[in-house]
Amino acid sequence: MLFFLTASFDLVLAAEDVAAKKPDPEGFLLAMKKFNAAPEVTIVFEDSDAGIRAAEAAGAEVFVVRGFA
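Residues numbered from 1 in each chain as written. Predicted model: local features only at pLDDT ≥ 70, side-chain atom pairs only at ≥ 80, totals over all residues. Heavy atoms only, no water.

(A) A look at the environment of Val 64. Summarising the element assignment, Val 64 is placed in strand S2 (residues 61–64). Among the residues examined, Val 64 registers a relative accessible area of 40% and is labelled partly exposed. Residues Val 64 and Asp 10, spaced 54 residues apart in sequence, show a C-alpha to C-alpha distance of 22 Å. Those residues in contact with Val 64 that lie beyond four places of it in its chain are Glu 46 and Ile 52. (Helix = DSSP H or I, 4+ residues; strand = E, 2+ residues; numbered from the N terminus. Buried < 20%, exposed > 50% of the residue type's maximum accessible area, 1.4 Å probe, protein only. Contact = heavy atoms within 4.5 Å.)

The structure is reproduced here in structure tokens:
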């Protein structure tokens, strides 16, 4: 099942892929590097406070997702 989900995305990064966890921006910066994307043209969709802080620290625009109906 996991392969089915990851096959739907161009990149999947998990906690084991970085040394520092959120709110450290390392994961977002690594993703930007892999896509050769500058922070000022990056939008992060995030639902956790630590993730929001990490995305902001990475210099990305943040779309905050709060709850699903």
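There's more to say after this.
(B) Broad picture of the pattern of salt bridges. Considering all chains together, one arrives at 2 salt bridges under this definition. The salt bridge partner of Arg 66 is Asp 49, with a shortest N-O separation of 3.0 Å. On the criterion of sequence distance, the pair formed by Arg 66 in the segment after S2 and Asp 49 in helix H3 (residues 49–57) is long-range, its members being 17 residues apart. Exposure remark for Arg 66: the relative accessible area of 52% places this residue in the exposed category. Among the residues examined, Asp 49 registers a relative accessible area of 48% and is labelled partly exposed. (Salt bridge = Lys/Arg side-chain N within 4 Å of Asp/Glu carboxyl O.)

(C) Representation of the side chain of Glu 46. By the secondary structure assignment, Glu 46 is in strand S1 (residues 43–46). At a separation of 3.1 Å, a polar atom in the side chain of Glu 46 contacts the side chain of Ser 48. Residues contacting Glu 46, with those up to four places away along its chain left out, are Lys 22, Phe 28, Gly 51, Ile 52, Val 62, Phe 63, Val 64 and Val 65. (Polar contact = N/O pair within 3.5 Å; in protein donor to acceptor, adjacent residues only side chain to side chain.)

(D) Layout of the environment of Phe 4. Among the structural elements, Phe 4 can be located in helix H1 (residues 2–6). For Phe 4, a relative accessible area of 56% translates into the label exposed. Taking the C-alpha atoms as reference points, Phe 4 and Asp 17, 13 residues apart in sequence, are found 20 Å from one another.

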